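Topology and contacts: notes
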Amino acid sequence: MFSDIGALELVTLVVLAVLVFGPDKLPKVIQDVSRFIRKVREFSDGAKNDIRSELGPEFKDFEFEDLNPKTFLRKQLESNEDLRELKDLRGTFDLKKEINEVADAVHGRETLPAVNGSATGAAPVDGSPAGTPDLLRKRDEPGAGERPPYDSDAT
């Protein structure tokens, strides 16, 4: 509940409470606040028990923390079998390979076929090492008689 209050804030609250209520009334105020918190907890526990008894046996694993959308989704996703399959599929996905293939397709290079399930690489063109196209290198300027490529999305 108060997990984000540090030591300095706690000391400041105690000093402020002593200044506002005084040292004479402070113990009585602390007792009243603790009694109030205890009654609120008892009331909420009673309400939870009433709700659980009214829901019936089909909701025996119902937790009130599940009413928080984040907790509910996390619990549902962890128990879902399809999610495990997606995690396995995501583990087999090679992002570098996919990026290299897209870069090769953009630059008009041919990709080499995969060897023993390894990632495909581009043929070493323009001095770049095999499998790593130089994406930072500027493209060659068109010749004097050539027109630059037209990009309809850029206009």
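Rules and cut-offs
- Residues numbered from 1 in each chain as written.
- Predicted model: local features only at pLDDT ≥ 70, side-chain atom pairs only at ≥ 80, totals over all residues.
- Heavy atoms only, no water.
- Helix = DSSP H or I, 4+ residues; strand = E, 2+ residues; numbered from the N terminus.
- Buried < 20%, exposed > 50% of the residue type's maximum accessible area, 1.4 Å probe, protein only.
- Contact = heavy atoms within 4.5 Å.
- Areas by Shrake-Rupley, 256 points an atom, 1.4 Å probe, with all protein chains shown as cover.
- Salt bridge = Lys/Arg side-chain N within 4 Å of Asp/Glu carboxyl O.
- Expected span 1.5 Å × (residues − 1).
- Arc of directions from axis to C-beta.
- Patch = residues over 30% accessible without salt bridge, like charges linked within 9 Å, V, L, I, M, F, W, Y side chains within 5 Å.
- Bend = angle between axes of the 7 residues up to and from the residue.
- pLDDT = per-residue confidence, 0-100.

Focus: the overall build of the protein chain
Looking only at helices and strands, the protein chain has four helices and zero strands in total. When the helices and strands of the protein chain are read in sequence order from the N terminus, they spell out α-α-α-α. Across the 155 residues in the protein chain, those meeting the buried criterion constitute 10%. Residue pairs in contact within the protein chain that sit at least 24 positions apart in sequence constitute 19% of those at least 6 positions apart. Working note: accessible area of the protein chain is about 13,800 Å², and carbon and sulfur atoms make up 60% of it.

Topic: the pattern of salt bridges
One pass over the full model with this rule turns up two salt bridges. Among the salt bridges present, the one from D32 reaches K28, with a minimum N-O distance of 3.4 Å. On the criterion of helical spacing, the pair formed by D32 and K28 is a turn pair, its members being four residues apart in helix α1 (residues 7-55). Residue classification places D32 among the partly exposed positions, given a relative accessible area of 32%.

Looking at helix α4 (residues 95-107)
An ideal rise of 1.5 Å per residue puts 18 Å on 13 residues; α4 measures up with 18 Å between its terminal C-alpha atoms. Residues of α4 that are buried: N100, A103 and D104. Viewed end-on, α4 has its buried residues packed into an arc of 100 degrees, placing them on one side of the element. Facing away from the buried side of α4 by more than 90 degrees, the exposed set consists of L95, V102, A105 and V106.

Re a nonpolar patch on the surface
Together, I5, L10, V11, L13, V14, V15, L16, V18, L19, V20 and F21 line one region of the surface with nonpolar side chains, adding up to about 990 Å² of accessible area. Relative to the elements of secondary structure, L19 occurs in helix α1.

Focus on α1
Since the α-helix advances by 3.6 residues per turn, residues separated by three or four positions end up pointing in the same direction. Its 49 residues place the ends of α1 only 43 Å apart at the C-alpha level, less than the 72 Å of an ideal helix rising 1.5 Å per residue. Maximum bend of α1: about 105 degrees, positioned at G22, with proline P23 one to four residues after it. Note on α1: the residue one or two positions beyond its end, G56, has a positive phi of about 100 degrees.

Digging into the confidence of the model for the protein chain
Averaged over the protein chain, the pLDDT score is 76; the fraction of residues at 70 or greater is 71%. Confidence, read as mean pLDDT per element, is least for helix α3 (residues 81-92) in the protein chain (69) and greatest for α1 (90). Predicted confidence for residues 115-125 stays below pLDDT 50, and this span has 19 contacts to residues more than four positions away or in other chains.

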